[in-house]
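Residue strings, one per chain:
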Amino acid sequence: MNSGPDLEKTLLERESELEVLDDLVMRAAGGAPAVAVIEGPAGIGKTRLLLAARERARRAGLREMAARGSDLERGLPYGVVRQLFEPALSEPAARDRWLTGAAADAAPVFDPRLLDDPADDTGFAARYALSWLTANVAAEGGLLLAIDDLQWSDVASLRFLTYLLRRTEGLGVMIVVAIRTGEPNVETRLLDEFAGDPLSTVVSPRGLSDDAVATLVRERLGAQPDRAFVSACQRATGGNAFLLGEVLKAMSLEGVAPKAADVDAIRDVGPRAISRSVLLRLVRLGQDAVAVAQAVAVLGDGAALPATARLSGLSEERVATASRTLSAAEILGAETPFAFVHPLVHDAVYLELAPAERELRHERAATVLRELAAPLERVAAHLRLVPARADARVAEVLEQVGLDALRRADPDTAAAHLRRALAEPPAPERRPGVLINLGLAEALVNDRPAAIEHLRAGFEGSCDPGRRAAAAEVLVRILLYSGSAAEAAVLARRAAESLPSEMTDESWRLEALELVSIRWGATIDDAAPRLQAARSGLRSEGVGARMIAGVAASEWAMTGGSMAECLALARAALAGGALTATNAPMAGTAIFVLDLANEPVEAMVHWDAARAAAHRHSSESALGALDLVIALSRLYQGELQEAEALMRPSDPGRRAAIQGPYGQSILALVLVERGDLAAARRVVEGRLPTAPGTDADALGLQAESGLLLAERRWPEALEATARYAASVRTGVVNPAWVPWRSQQAQALIGLERHGEARALLEDELVFARQWGAPGAVSRTVRLLAACGPEPDLELAAQAVDVSKDSGAHLEHAKALITLGGALRRTGERTRAREPLRAGLQLALRCGADRLAEHARTELYAVGGRPRRDALSGPASLTPSEHRIAELVVDGLSNREVAQALFVTPRTVEYHLTSVYRKLGISARAAIAETLGRMSPP
């Protein structure tokens, strides 16, 4: 490897590029984000700039980890990531220091045997853990990740680097990559996403000028060149440094002098300069050199001596001798294992082989590598380039590598190997397993049509009950997300009924999925009695029994159950944490009962556990879907700023999950409460269609109605609330979940149709009291207080009392402001100030800007002086701030808090800054004294 002064001599006309790299190194050393993307055509000098960046980073004290993408090896699971980290992790002490905390879940990337279930981990969990591994390494003095030929990276590594890119702030991590442009058959979307990120600084080296070309010609040919010769070299190569070097090597071999008279020789060489130069040099080195070069070209960079010897048919001694000759001729590098000096040199040798000959040699390479006990993934890299020949042994290797890729959280690579195994094809008895694992991989990369096809075929063809149950469960989920609720329900029941009697809990898991499908629009004639039967309590301690209990509790809460009964069943489902740890989405059905009951602190504990489980066991899109429901929970709690933040994730996978119709509706509801009606209007008008009779459809109409009410468009709001009422599933009556009567009453009050509004609200109050949660009761009573020409002070005060000391913070703020406004309108201006001030402060804490502005207006009207700052002291902390403060009191560092809560260190710093301000302190040590051990607000 060139380094230091020697490298600097070869970097002609790269001063501006080096200046950019110097600046980025200094930024990384100071903890700032530093990402460089060196891009350009093959041979332009990207690798030399990458080496220069590495040299500068070493001088600045950064630890260096390097990797290089390879066209042959881009099917290896996390191949580039493993190149980066495995050398350092081979030291036990380093492994113990770095693979700890949240980074521990990265271990299966380096050793897939640590996971028994191939679907137990997926891409997002691995990316998250790898980001903390990177942070742990960088914490010891900074880190440079340098990757050459990123265009040939495996997809899993590329996804990780794109994920890490947005988390480099404050870590002291510098990422430098080189990307060859114009390459076919590469992952252009992820490459464009990486290079186009605002944090990425793109460095695009240009071709060399005539002066630089003249310098290189003089050095290579040993004579002062004529200007015409230099210009011809520049035109033939476009100033491409590597191509120019190969042209000059060919000129040197043929004894061409750098004179104007020899310009025609350059023109003849130009278009195929590299291939001609390499092959010309190669053939002059003798047959052994040709055989070794061709063997290394087939095996790929990193070819070991024994494999090269067997594939070339030479002894190891003759291979060693030939390799020295090839190194002297600048075809192979000087180190072992063997590698070409440049990918273009590899291509010249490899592409000289006929396509059929390449296939045969890859088949032979696979055999050689198996005989040498090489890792199966390297064997499979060659088998994937060989035509299918109905060899069951080949299918088994490809299947095993695909399974390992699933265990390594690389579903893209898994799917590629399993598809090739299926084409071989596998033995009949193995085919269902291949189909099911292929379907699992495709589900994890959101290729739903293919996943449905392969999972269904594997389910139908398998005789293994456990495998059939697992396939059916995943298939049912995909069908639900794809809008095929009826098909999902039928499949879930059929799969459950086909299981043997001893697999009771697996049967209950499928039954729970069948019953929850009614929320997605499925019709199940006997759902009511089956849900009724599940209300008596847990059937067993298994996860399936807990799933049934969670679904039953939430449906009971929606359809007329009392809060006490439903809470007891939901808590039984969640007890012990088994459901949350193994099936976070289904645990969410039980957790949401706590939200409907205005139990935010208890709910937050379970949501945090669900999020932790999702980080370990779920895909990015599944985590996004979970965050969507947590955002709705935060809305119910009155934590509007956190709810909005959850609805605007930076990760593309999570963003895609949240941007569906359900997420659009939640975001619109949050924006209305925040007071950003223009943004809410854009969301509502762009909402995707939903199936009638589904919970998503009802939620969308609730958001539309709420926006129209906030805009005071009373006639249109009345029409929208009528559509909302018609969309609610039969039997769903809990106004904490479907407040259509409240919304319709508000429209009627706006139209001064008070009698109709009162009748609706009195009906709703029956259901609200039947449920019993303070938030729903307070809202209905508060609106009843406004049903008439004059406000009802007694009812307004009652709304305040009901919601006081409950988790319904936003509703309590509304009740306080309603009471204050009612007192003002009845002439009690002095008494109005206290509830208005309290309501204003609580509205500010909730982030309800529109409500806060209304409170200020009311306060001005009664002669009050509203303060614009939020409450101070422990009571002013939001639940999230209180949670972070308590972890700090327990002695956790910012990084440890971030790992515990699955957020970035920057997010922890942001919340702690707010904690310091609200508590009136400036040091971490003062939190414990000021906060004490008060209950969360």
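Up top you'll find the structure we're talking about.
A. Here's a closer look at the overall build of the chain. Helix and strand counts for the chain stand at 51 helices and 5 strands. Counting only C-alpha atoms, the chain reaches 105 × 65 × 50 Å along its principal axes. Counting the 937 residues in the chain, one finds 58% classified as buried. At a minimum sequence separation of 6, the contacts of the chain that also span at least 24 residues come to 69%. As displayed, the chain offers around 36900 Å² of accessible surface, 52% of which is attributable to carbon and sulfur atoms. Side chains of the chain carry 106 positive and 122 negative charges; the gap between the two charge centres is 2 Å.

B. Quick look at the pattern of salt bridges. Scanning all chains against the criterion turns up 68 salt bridges. We note a salt bridge from R824 to E858, for which the minimum N-O separation is 2.5 Å. Of the two residues, R824 sits in helix 45 (residues 809-825) while E858 sits in helix 47 (residues 849-861), which places them 34 residues apart along the sequence. Its relative accessible area of 27% is what places R824 among the partly exposed residues.

C. Representation of the sheet that holds strand 5 (residues 200-203) within the structure. Here 5 strands make up an open sheet; going across it, the order is 2-3-4-1-5 and the pairing parallel. Edge positions in the sheet fall to strand 2 (63-68) and strand 5, since each has one partner strand and no second. In this sheet, adjacent strand axes meet at a mean angle of 15° when their direction is disregarded. Summarising the sheet, strand 1 (residues 34-40) and strand 4 (residues 173-180) pair through 7 bridges and their orientation is parallel.

D. Representation of the packing of helix 41 (residues 740-750) against helix 43 (residues 774-784) within the structure. It is the contact of helix 41 with helix 43, at a shortest axis distance of 11 Å, that shows an interaxial angle of 15°. On the basis of their axis angle, the class for helix 41 and helix 43 is roughly parallel. Here helix 41 runs over helix 43; the crossing is left-handed. Residues S742, Q746 and I749 of helix 41 form the contact with helix 43, whose participating residues are R779, T780 and L783. Along the lines of polarity and charge, the residues of the contact of helix 41 with helix 43 split into 2 nonpolar, 3 polar and 1 charged.

E. Quick peek at the nonpolar core. In this structure, F85, L133 and W771 are the most contacted members of the largest nonpolar core, which totals 226 residues. Top contributing element to this core by residue count: helix 29 (residues 543-558), with 11 residues. For L133, the contacting residues outside a window of four places in its chain are F85, L89, W98, L99, A103 and F110. Residues V290, A348, V394 and L406 belong to the second largest nonpolar core, which totals 58 residues.

F. Expanded view of the pairing of strand 3 (residues 143-148). In terms of burial, strand 3 is largely enclosed, as 6 of its 6 residues are buried. Residues L143, L145 and I147 of strand 3 are buried on one face, and the alternating residues L144, A146 and D148, pointing to the opposite face, are buried as well. Pairing between strand 2 and strand 3: 6 bridges, direction parallel. Each bridged residue has a counterpart across the sheet, and for R63 the counterpart in strand 3 is L143. Sheet analysis places strand 3 next to strand 4, joined by 5 bridges and oriented parallel. Residue L143 lies in a different strand from strand 4, and its bridge partner there is V173. Handedness of the crossover joining strand 3 and strand 4 through helix 8 (residues 155-165) is recorded here as right-handed.

Cut-offs applied
- The residue numbers shown here count from 1 along each chain, following its written sequence.
- Local features in a predicted model are, by the rule used here, given only for residues with pLDDT of at least 70; side-chain atom pairs are given and counted only at 80 or more, and totals for whole chains, interfaces and linings are based on all residues.
- Derived side-chain values reflect all non-hydrogen atoms in the structure, with water molecules and hydrogen atoms excluded from consideration.
- For helices the rule is a DSSP run of H or I covering at least 4 residues; for strands it is a run of E covering at least 2, with both sets numbered from the N terminus onward.
- Throughout, exposure labels follow a simple rule: accessible area from a 1.4 Å probe, protein chains only, divided by the maximum for the residue type, with under 20% read as buried, over 50% as exposed, and the rest as partly exposed.
- What makes two residues a contact is simply this: any of their non-hydrogen atoms within 4.5 Å.
- Accessible surface is estimated by sampling points in the Shrake-Rupley manner with a 1.4 Å probe; for residues, cover comes only from the protein chains shown.
- Residues scored as charged are limited to Lys and Arg (positive) and Asp and Glu (negative), so that His and the chain ends carry no count.
- All charge positions are set by atom: Lys at NZ, Arg at CZ, Asp at CG, Glu at CD.
- In the sections that follow, a salt bridge refers to a side-chain nitrogen of Lys or Arg positioned within 4 Å of a carboxyl oxygen of Asp or Glu.
- Following DSSP output, two strands are said to pair if at least two bridges run between them.
- In this description, a line fitted to the C-alpha atoms serves as the axis of each element, helices being fitted only across the stretch in contact, and the angle between N-to-C directions of two axes falls anywhere from 0 to 180 degrees.
- Roughly parallel means an angle under 35 degrees; roughly antiparallel means over 145; roughly perpendicular covers 65 to 115; every other angle is labelled oblique.
- For a crossing to be left-handed, the near helix must be turned anticlockwise from the far one by less than a right angle; the clockwise case is right-handed.
- The residue classification treats Ala, Val, Leu, Ile, Met, Phe, Trp, Tyr, Cys and Pro as nonpolar and Asp, Glu, Lys and Arg as charged. All others, Gly included, are polar.
- Only buried Ala, Val, Leu, Ile, Met, Phe, Trp, Tyr and Cys residues count toward a nonpolar core, and they belong to the same one when joined by side-chain atoms within 4.5 Å.
- Throughout, right-handed denotes a crossover for which the path from the first strand over the helix to the second runs clockwise when the strands point away from the viewer.

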